[in-house]
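Below, each chain spelled out in residue letters.
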Amino acid sequence: MPTPAFHTAEDATPAELRWASFRLMLMLGALALVVVPLLRDLPLGRGARTGLLAWLLVVLALYWLYAGMGYRPLLLIQLLLFSSAAALLSLKVLLVIIDVRSLTLLRLTARWLIMLGAACAVTNLMGMLIMIWRPGGHDSS
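These remarks concern the structure in this document. None of the values given here were measured: they were computed from a predicted structure. (Residues numbered from 1 in each chain as written. Predicted model: local features only at pLDDT ≥ 70, side-chain atom pairs only at ≥ 80, totals over all residues. Heavy atoms only, no water.)

### Thoughts on the overall build of the protein
Reasoning step 1: The number of helices and strands found in the protein is 4 helices and 0 strands.
Reasoning step 2: The linear arrangement of helices and strands in the protein, starting from the amino end, is α-α-α-α.
Reasoning step 3: Within the protein, contacts between residues separated by at least 24 positions form 72% of all contacts whose residues are at least 6 apart in sequence.
Reasoning step 4: Accessible area of the protein: about 8,400 Å², with a carbon and sulfur share of 73%. (Helix = DSSP H or I, 4+ residues; strand = E, 2+ residues; numbered from the N terminus. Contact = heavy atoms within 4.5 Å. Areas by Shrake-Rupley, 256 points an atom, 1.4 Å probe, with all protein chains shown as cover.)

What follows is the structure, encoded as structure tokens:
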């Protein structure tokens, strides 16, 4: 199994930081422009669609953490938020299966957790871009 070129954005060279921020921007763009509309078109309930999105975000957050695509604290918070949302939505789907349909608070809470996780992802990207553009922000080695 190949090891990533760098562990976190703190340890990255400027070239690695540019490449990682470009890949992260592409992934976030594809998620917003392609995946979310596709999930909306699926013939599932709102909770199940949001649950699929949450699990996809968990997988992406794990990949970003593994590939060192950002700052470790933000990536860990993001993973925690997405995992919590996925767990809540999985519980909501399970409750619907056993015919308990009145707990919409679970879905609403999960949506807010996903939004907070997305804010962490954008903050992570912005931090990486600031480090690239900031004069003297990174060594040129």
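Alright, that's what it looks like, and here's the rest.
### Here we look at the nonpolar core
Reasoning step 1: Ranked by size, the top nonpolar core spans 34 residues in total, and within it Leu24, Trp64 and Ile114 carry the most contacts.
Reasoning step 2: Breaking this core down by element, the ones donating at least two residues are helix H1 (14-41), helix H2 (46-67), helix H3 (72-97) and helix H4 (104-133).
Reasoning step 3: The element best represented in this core is H4, accounting for 10 residues.
Reasoning step 4: Apart from residues lying up to four places away in sequence, Leu24 is in contact with Trp64, Met69, Ala121, Asn124, Leu125 and Met128. (Core = buried A, V, L, I, M, F, W, Y, C linked by side-chain atoms within 4.5 Å. Buried < 20%, exposed > 50% of the residue type's maximum accessible area, 1.4 Å probe, protein only.)

### Some thoughts on the environment of Leu75
Reasoning step 1: Tracing the backbone shows Leu75 in helix H3.
Reasoning step 2: What makes Leu75 buried here is its relative accessible area of 2%.
Reasoning step 3: With 14 residues separating them along the chain, Leu75 and Ala61 place their C-alpha atoms 6.7 Å apart.
Reasoning step 4: If sequence neighbours within four positions are ignored, Leu75 has contacts with Trp64, Leu65, Met69, Gly70 and Asn124.

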